[in-house]
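Reading the structure
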Amino acid sequence: MSVTRSERRPRSELNRVLVIDDEADIRELIDLTLSRMGLAAECAGSVAEAKAALAAGSFQLCLTDMRLPDGEGLEIVRYIGENHPRLPVAVITAWGSAENAVAALKAGAFDYLAKPVGLEQLRALVRSALRLPEGVAENDELRALTGESPSMQQVRAMIEKLARSQAPIYISGESGSGKELAARLIHARSARSAGPFVPVNCGAIPENLMESEFFGYRKGAFTGADSDRDGFFQAASGGTLFLDEVADLPLAMQVKLLRAIQEKRVRKVGNVTEEPVDLRIICATHRNLRERVEQGSFRQDLYYRLNVIELRMPPLRERLEDIAPLVDSLLGKLCGDGHPRLSPAAIKALQLYSFPGNVRELENILERATALCAGDLVEPDDLHLEPEDGVGGDLQGRGSETLDDYLNRLERQAILEALQKTEGNRTAAARLLGVTFRSLRYRLERLGIE
Ligand SMILES: Nc1ncnc2c1ncn2[C@@H]1O[C@H](COP(=O)(O)OP(=O)(O)OP(=O)(O)O)[C@@H](O)[C@H]1O
Ligand SMILES: [Mg+2]
């Protein structure tokens, strides 16, 4: 077995990295680079050798080639995911094979390197891997995301998992549902937390300035460029670049962005050379990006590249049980201790409301209500909720909701109204709705109504 070791220092002091590649020169190059960083590399040339090495010792990082004599790098990524879930694994892909990199990230690789392997990129990858937080840190930050509904718990667990990876993330969700908050949390809990978080609203930058805003420019590149300037990509170096409203990027810019992501390099306007950038991209939009791809206004290859992992922020109307705790925490933020309270009827009124603007709308409603309400109890009338099509509203009121979401919302409203009328008596509510008790129980469970 051709497992080799570089033992320039006692191994116990060193972080150990498992390098799997069948080409001896790549193994040597990586081994040398790692040892200059004070790391010990152990090399394997096949899937079988890699599994043997993994079984024999513990590692802090694994780098694997995608094509191996007896199998694929993906097999190793999956094997590590199942048997050593705490071990970060990165893949080395052949030049130009975007599908491979995406498949590896989806399978659980935390990052990838494209051949020919750039030493600066290799070092950046290793540094961020070894900075990965050990074990589970406290959850204080995640508490910023209020709500104990099953879908919110799922979101928090997902954020925890995504923070340990470098994969690009696409956060979907309606406006005001907490997409930016989630992006900030992923950054704050990641190995990049010491680096910057740079939010960019892609819809707010004039098209002719976009390239220089994103990639920076050299002095003299155009009239008014009187000194060199960095762009968002350089500003986010070592950290996270948050591309908000990414659906609004013009097509010409989408091409340049795709290139920057694939090559992990950018070229300043007016510059002849490219510079490497080390950042993680998180993007978000409240629009339906897949639909944009179908319509041809968003490039499919970029979509594929950005949407390696999707985090969906659930709308507030799908997690009614979060309304009361949210009201509590938002009022606390708005008014401090001893804040006014909402009457049970006011809470019910909120639970029957559809919140097209989600948590941000709830914030606004509460701000207005507390400003207008006379005593320290907020009643339904103080909320000034927009009148809506209730149950029986026609399908025109469906807006951009899918049919399933729309029907679920109607069903939820009808059930909550029935429960309200019967003061929570499920048997009576079922009778009122004309369904069996069992059917009601099944529906309550499916809709996550407590
Ligand atoms: N689960 C939550 N708990 C507490 N506050 C929340 C939660 N979700 C969102 N918020 C708050 O709601 C407001 C809107 O959130 P955010 O800006 O993240 O939404 P968004 O999805 O980016 O909206 P848009 O699509 O309009 O840009 C913020 O003030 C945020 O702090
Ligand atoms: Mg936002």
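Source: prediction; values computed, not measured. (Residues numbered from 1 in each chain as written. Chains lettered and ligands numbered in written order. Predicted model: local features only at pLDDT ≥ 70, side-chain atom pairs only at ≥ 80, totals over all residues. Heavy atoms only, no water.)

**A look at the site of ligand 1**
- T146, G176, K179, R360 and E363 are the nearest of the 16 residues found near ligand 1.
- Residue G178 places a main-chain N or O atom 3.1 Å away from an oxygen atom belonging to ligand 1.
- For ligand 1, an oxygen atom lies 2.7 Å from a polar atom in the side chain of K179.
- Bound to the protein, ligand 1 loses 85% of the 640 Å² it would expose on its own.
- Considering only residue class, the shell around ligand 1 consists of six nonpolar, five polar and five charged.
- Split by domain, the residues of the shell around ligand 1 number at least three in each of domain 2 (152-312) and domain 3 (316-383). (Near = heavy atom within 4 Å. Polar contact = N/O pair within 3.5 Å; in protein donor to acceptor, adjacent residues only side chain to side chain. Areas by Shrake-Rupley, 256 points an atom, 1.4 Å probe, with all protein chains shown as cover. Nonpolar A, V, L, I, M, F, W, Y, C, P; charged D, E, K, R; others polar. Domains from an automatic or database assignment.)

**A word on the domain arrangement of the protein chain**
- As far as domains go, the protein chain holds domain 1 (4-129), domain 2 (152-312), domain 3 (316-383) and domain 4 (400-447).
- One C-alpha centre belongs to domain 2, the other to domain 4; they are set 41 Å apart.

**Thoughts on unusual backbone geometry**
- Geometrically, the link from K115 to P116 is a cis peptide bond, its omega value of 0° lying close to zero.
- Its place among the elements puts P116 in the loop between β8 (111-114) and α5 (119-130).
- The backbone phi angle of K264 is positive, close to 55°, even though this residue is not glycine.
- Structurally, the position occupied by K264 is in the loop between α10 (251-263) and β12 (265-266). (Helix = DSSP H or I, 4+ residues; strand = E, 2+ residues; numbered from the N terminus.)

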